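Observations on chain architecture
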Amino acid sequence: MFPLSSDEKKVVMHCEARGNPPPTYRWFINGTEMDSEADYRYSLIDGNLVIMNASETVDHGKYQCRAGNSFGTVLSRDALLQFAYVGAFSPKARGGVSVREGQGVVLMCTPPPHSPEIIYSWVFNEFPSFVAEDSRRFISQDTGNLYISKVQPSDVGSYICLVKNPVTNARVLSPPTPLTLKTDGVMGEYEPKIEVHFSPSVLAPKGVTVRLECFALGNPVPTITWRKINGNIPKKARLRKSQAVLEIPNIQLEDSGIYECKAENPRGGTAFKGHLQVYTLPQWVRMINDTQMDSGEKLQWECKAMGRPRPTYRWLRNGLPLTSQLHNGEMTIHKVQPMDSGMYQCVAENKYGSIYSNAELKILASAPIFVPNPVRVIATLGKDVLLECKPRASPKPRITWKRGDRRIQLNKRIILLRNNTLKIVNSSRADEGNYVCRAENQLGSAEMTAMLWVKEAMRVALSPSRVEVTVGESVVLSCRATHDTSLDVAFQWFFNQKPINFHHDGGHFESIQTDGENSSTVDLMIRSILLKHAGKYGCRAQTSADTVFAEAELLVRGPPGPPGVVIVEEITETTATLSWTRGLDNHSPISTYNLQARSPFSLGWQTVKTDPETVTGDMESAMAVELNPWVEYEFRVVASNAIGTGDPSAPSRGVRTKEAVPSVAPVNVSGGNGRRHELVISWEPVSEEFQNGEGFGYIVAFRANGTRGWKEKMVTSADSTMYKYRDETFPPLTPFEVKVGVYNNKGDGPFSKVVIIHSAEGEPRELPIDVRAYSISSSEIRVTWKPPNPGPGKPRRYEVSFWKDSEQEESGSKQQTVRNETSMILTGLEGNSAYLVTVKGFNSIGHGPPSAAVTAKTRKAPPTQSPNNLMWIQEGNNVSLSWDPVKAKANESDVIGYMVIIHPILILSFTLRHICLNCVNTFFIYSTPPRYKLSVELLL
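Residues numbered from 1 in each chain as written. Predicted model: local features only at pLDDT ≥ 70, side-chain atom pairs only at ≥ 80, totals over all residues. Heavy atoms only, no water.

Across the nine residues of strand β35 (residues 342-350), eight count as buried, placing the element largely inside the fold. Pairing between strand β31 (residues 312-317) and β35: six bridges, direction antiparallel. Paired with Y313 across the bridge in β35 is A348. In the sheet, β35 pairs with strand β36 (residues 353-364) via nine bridges, with the strands oriented antiparallel. Counterpart to Y344 in the pairing with β36 is A359. Where β35 hands over to β36, the hairpin turn is made up of two residues, counted between the paired strands. (Buried < 20%, exposed > 50% of the residue type's maximum accessible area, 1.4 Å probe, protein only. Helix = DSSP H or I, 4+ residues; strand = E, 2+ residues; numbered from the N terminus. Pairing = 2+ DSSP bridges.)

Here it is, written out as structure tokens:
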């Protein structure tokens, strides 16, 4: 399909054939040979036809390529050259269409000339406003027309038909068609009328998608339905465009039949039927093959194809039709001659296409020739000998045999077979010598000499012939061949009739050969034997005279193989009866079986207890006991023997044990804390593994010490770990006896041991006493207090609140003790500032009341001035140090002393004898080394 609008006006038709010598090519159009020399537009490039400036009027048609060499000629299949284009609509203005509201209308597209089929759509008023298809409006892709089943006022406007060529993508618009409404009334209801439908006979090739159209005008808008007469519409079929199109993808022969579309509305209905027929191109069932024959033989070729309609056949020889000796797909030549050689083609065709099957017929004609010649034959004493005579010759030659100069006399021991082979039965030394086969036909003759030697038969012994070993051991099999000294022997080892690959068997096998005077031996060493090495081992010894095969059996003892399928026969609350089938014992009797189970709560597979306690190797059923109720288990079985334990069986299907009353009570029952008048009881929840059934919960039982009756409360959540009971009547720290039990849908289970739990003591009720606060520096205040008087709600820790005297309590800060200390140092305070301080106790229940606020004032800041005029005098080994006194400012603390700091320059050894207090500015150092550095700090 060549677009006429293509910028490159060049068409290339490809043709390639194989042959030796390389073939030459010729092209035909519509059966007429093309002359590339006579028309400059045609050229041949490696068999391909190139057409320049392609024209639809001249170049449209069927093309065929013919390829030939000295051996024959073949034709290609047909190729159809078509041209893709779409013309222009007639520019003539289109008349308007006027209908009543409610009436149906058909707007004609009248497409321009085109190739191939085009795609239709309609534009409403102006591009690109396209008409949307629905149950009322339909665009046929067969006619191109726009169908409106019931016109509405909104349909009034201008309609333009747009066509698109799918090959060139060219689009063409028609002149507009105006649609108006008449003013003489509204169209009443009327029964449907099918305006567009598929053809009464639809032909479709197998495998394509078929679209059947059906649309009707009517008021009200008709409904379209489909059915297949005498059958069902294929499941793969789809309804498109509000059921106006039935689409059947990948159509097959069974989809053929009569299809009906029906249009209905309240005023009536109408239907249309059409026959859908599926055709297929021919497909080969039997093809012809290259054949080589002698002159005078009979040739019979048959080709067979299937298709719908049924294909017919024709035959070609070297591209020309054959007419004689043909019957349907059969061709017969009773006596072929050299002139019959050539290329033959069987063509199967129906009206939808053709297929070609090609074959070469070669007629041979040559004088006899023997290759190789002479032939050396070595036979075994006492065995039959076959001396073949197979010359290449055509026609078939006449064969004669002689020994020496005398023609061989045939008898019961010397027989000439149908294929001219000379057979000597029960050969002996006397049969040794030269045998001559003579072949002769009308083109010539030739002789072949067969030199026969008869040797002693080879004997092979493989030992041991049967051996048993255990996994991991090694063994040596020895193969000894006794043979004629003039012959070489070759050995090959086999395992279970397959050759052993010594390079790809993991180093388990090694072969060692030794040669003697009239015998040869090869040993097969098998190391680190595995179970898979058990089987038949064969040794094949071969000479040019004969071949001998010996076999030995290796049995490998090892741990048992996995048992067969495990079946759960019966299940109870705590037991499961299992059965299995025996696995391989690997030549060591199975002694015991081990039953294993796995559940969502186990760490992998675990051995389970059984009944009987020991499961012996002759058993194939046992009971797993002491399982947990209402738990899903998988089971498997492992076999053991004297060698070891084998691989486990495949797991059984998962099964759940039956429900039972709970048997495990909660542990770690404890309590305490909580708010005033609360009894808090906690426990460690019971794992799902031990809940034994659905509806699991807890029973919390308690009573005050010294009372008789138990209070019981149900906790329905299996995940619960706590229960709180509140009663305003019991005082804090009342002792209770407590136990926690379990239950499920099957009943009540056991209770835990009774423990004593006290009710909550409550938050502290008394405030701390003797609260004091005093400054210890310009940024620190020490706070002390005494615990409150003994009573309910003992404080576990304390909280100190503090704020500046000039601020509100809410803007202050809080600090808590680490434990129940009764003092605290407040840090990070402002100097020379008054602070209010309160203390209150608290525990896990809450805070107690605060103490009355006490006041403390931080000290002033230290002097900012450092000592000046530092002087020192050395008198022998003594040093006298002096400085000017420091006078504190009004907002600074008074000076109460000085600190002298010595910074050694070397490692010093000195004695501090005296420090001046009460502002005395003199300091003495004795036994001071020669070098030092001094500074003075104030002591506040």
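This brings us to the UniProt feature "domain: Ig-like" (unreviewed entry) in the chain. Here, the residues flagged by UniProt with the feature "domain: Ig-like" (unreviewed entry) are residues 1-76, 91-174, 192-277, 282-362, 368-449 and 458-555. Split by type, residues 282-362 is 0% helix and 63% strand. Its first and last C-alpha atoms lie 28 Å apart. (UniProt positions renumbered as here; feature names shortened; annotations may be inferred.)

Attention shifts here to the sheet that holds β31. Spatial strand order, β28-β36-β35-β31-β32: five strands in an open sheet with mixed pairing. Single-partner strands in this sheet number two, and they are β28 (291-294) and β32 (320-321).

Let's shift gears to the nonpolar core. The nonpolar side chains of a soluble globular protein tend to be buried with one another. Membership of the largest hydrophobic core comes to 26 residues, with the highest contact counts inside it found for W493, I526, Y537 and L554. Contributions of two or more residues to this core are made by β47 (459-463), β48 (466-470), β49 (475-482), β50 (490-495), β53 (519-526), β54 (535-542) and β55 (547-557). With 21 residues, the next largest nonpolar core counts A576, A624, V631 and F635 among its residues. (Core = buried A, V, L, I, M, F, W, Y, C linked by side-chain atoms within 4.5 Å.)

To continue, consider the environment of V196. With respect to the helices and strands, the residue V196 is situated in strand β20 (residues 190-197). The buried category is assigned to V196, whose relative accessible area is 4%. Here the alpha-carbon distance between V196 and P662, two residues 466 residues apart in the chain, equals 78 Å.

Tallied over the full model, the rule gives 37 salt bridges. Between R137 and D134 there is a salt bridge, and its shortest N-O distance comes to 3.2 Å. Look at D134 and you get partly exposed, because its relative accessible area is 26%. For the salt bridge of R227 with E260, the shortest nitrogen-to-oxygen distance reads 2.6 Å. Here E260 lies in strand β26 (residues 257-265) and R227 lies in strand β23 (residues 223-228), a separation of 33 residues in the sequence. You can call R227 partly exposed: its relative accessible area is 42%. We classify E260 as buried; its relative accessible area is 8%. What you see here is one network of salt bridges that share partners, running through R398, K402, R438, E440 and E447. (Salt bridge = Lys/Arg side-chain N within 4 Å of Asp/Glu carboxyl O.)

Following the UniProt record, the feature "domain: Fibronectin type-III" (unreviewed entry) maps to residues 562-660, 665-762 and 767-861 here. As annotated, residues 562-660 has a helix share of 0% and a strand share of 40%, and its two end C-alpha atoms lie 34 Å apart. Measuring from the first to the last C-alpha atom of residues 665-762 gives 30 Å, for a span that is 0% helix and 50% strand.

Another aspect to go through is the layout of surface pockets. Its volume calculated, the largest pocket comes out at about 850 Å³. Lining the largest pocket are 32 residues, with E16, A17, R18, V74 and N358 positioned closest to its centre. If you list the elements that add at least two residues to the lining of the largest pocket, you get β2 (10-13), β7 (61-69), β8 (72-75) and β36. In terms of residues, the lining of the largest pocket owes the most to one element, β7, which gives six residues. Of the residues that constitute the lining of the largest pocket, the class distribution is 16 nonpolar, ten polar and six charged. (1 Å grid on protein atoms, 1.4 Å probe; cavity = no way out; pocket = protein on both sides within 12 Å on 5 of 7 lines; lining within 4 Å. Points joined across faces, edges and corners; volume = space filled by probe spheres on them. Nonpolar A, V, L, I, M, F, W, Y, C, P; charged D, E, K, R; others polar.)

As a further point, take unusual backbone geometry. The linkage connecting N20 with the following residue, P21, adopts the cis geometry, with an omega of 5 degrees. Within the element layout of this structure, P21 appears in the loop between β2 and β3 (24-29). The peptide bond linking D611 to P612 adopts the cis configuration, its omega dihedral lying at 5 degrees. Within the secondary structure, P612 sits in the loop between β60 (610-611) and β61 (615-616). Within the chain, N496 stands out as a residue other than glycine whose phi angle is a positive 50 degrees. Its location among the elements puts N496 in the loop between β50 and β51 (498-499). With a relative accessible area of 37%, N496 lands in the partly exposed category. We note that W630 has phi near 55 degrees; this positive angle belongs to a residue other than glycine. Locating W630 in the fold gives a position in the loop between β62 (621-624) and β63 (632-641).

In a beta sheet, neighbouring strands pair by backbone hydrogen bonds and run either parallel or antiparallel. One open sheet accounts for three strands, arranged β12-β16-β15; its pairing is antiparallel. Looking at the sheet topology across the chains shown, the edges are occupied by β12 (105-107) and β15 (137-139). For this sheet, the mean inter-axis angle between neighbouring strands, taken without regard to orientation, is 15 degrees. With three bridges connecting them, β15 and strand β16 (residues 146-148) associate as antiparallel partners. Paired with R137 across the two strands is I148, which belongs to β16. (Axes fitted to C-alpha atoms, helices over the stretch in contact; angles between N-to-C directions.)

On to the state of the cysteines, then. This structure, assessed with the given rule, holds six disulfides. Between C214 and C261 runs a disulfide, and the two sulfur atoms are separated by 1.9 Å. Between C214 and C261 the sulfur-sulfur dihedral comes to about 60 degrees; the bridge is accordingly right-handed. Highlighted residues: C214 in strand β22 (residues 210-219) and C261 in strand β26, separated in sequence by 47 residues. We classify C261 as buried; its relative accessible area is 0%. In this model C479 forms its disulfide with C539; the gap between the sulfur atoms is 2.0 Å. Classification of the bridge connecting C479 and C539 rests on its S-S torsion, roughly -80 degrees, and on that basis the disulfide is left-handed. One end of the pair, C479, is in strand β49; the other, C539, is in strand β54, and 60 residues separate them in sequence. With relative accessibility at 0%, the residue C479 sits in the buried group. (Disulfide = S-S within 2.5 Å.)

This part covers the side chain of S720. Examined against the element boundaries, S720 turns out to sit in the loop between β68 (711-715) and β69 (722-726). Among residues more than four places away in sequence, those in contact with S720 are W683, P685, Y698 and V715. (Contact = heavy atoms within 4.5 Å.)

The geometry of an aromatic ring pair is captured by two quantities: the separation of the ring centres and the angle between the planes. Under the defined criterion, the tally for this structure stands at 23 aromatic pairs. On the basis of an interplanar angle of 75 degrees and a centroid distance of 5.6 Å, the ring pair of F127 and F130 is categorised as edge-to-face. The exposure class of F130 is partly exposed, given its relative accessible area of 38%. Taking 6.5 Å as the distance between ring centres and 55 degrees as the angle between the ring planes, the aromatic pair formed by Y147 and F215 counts as tilted. (Phe/Tyr/Trp six-rings, centres within 6.5 Å; stacked < 30°, edge-to-face > 60°.)

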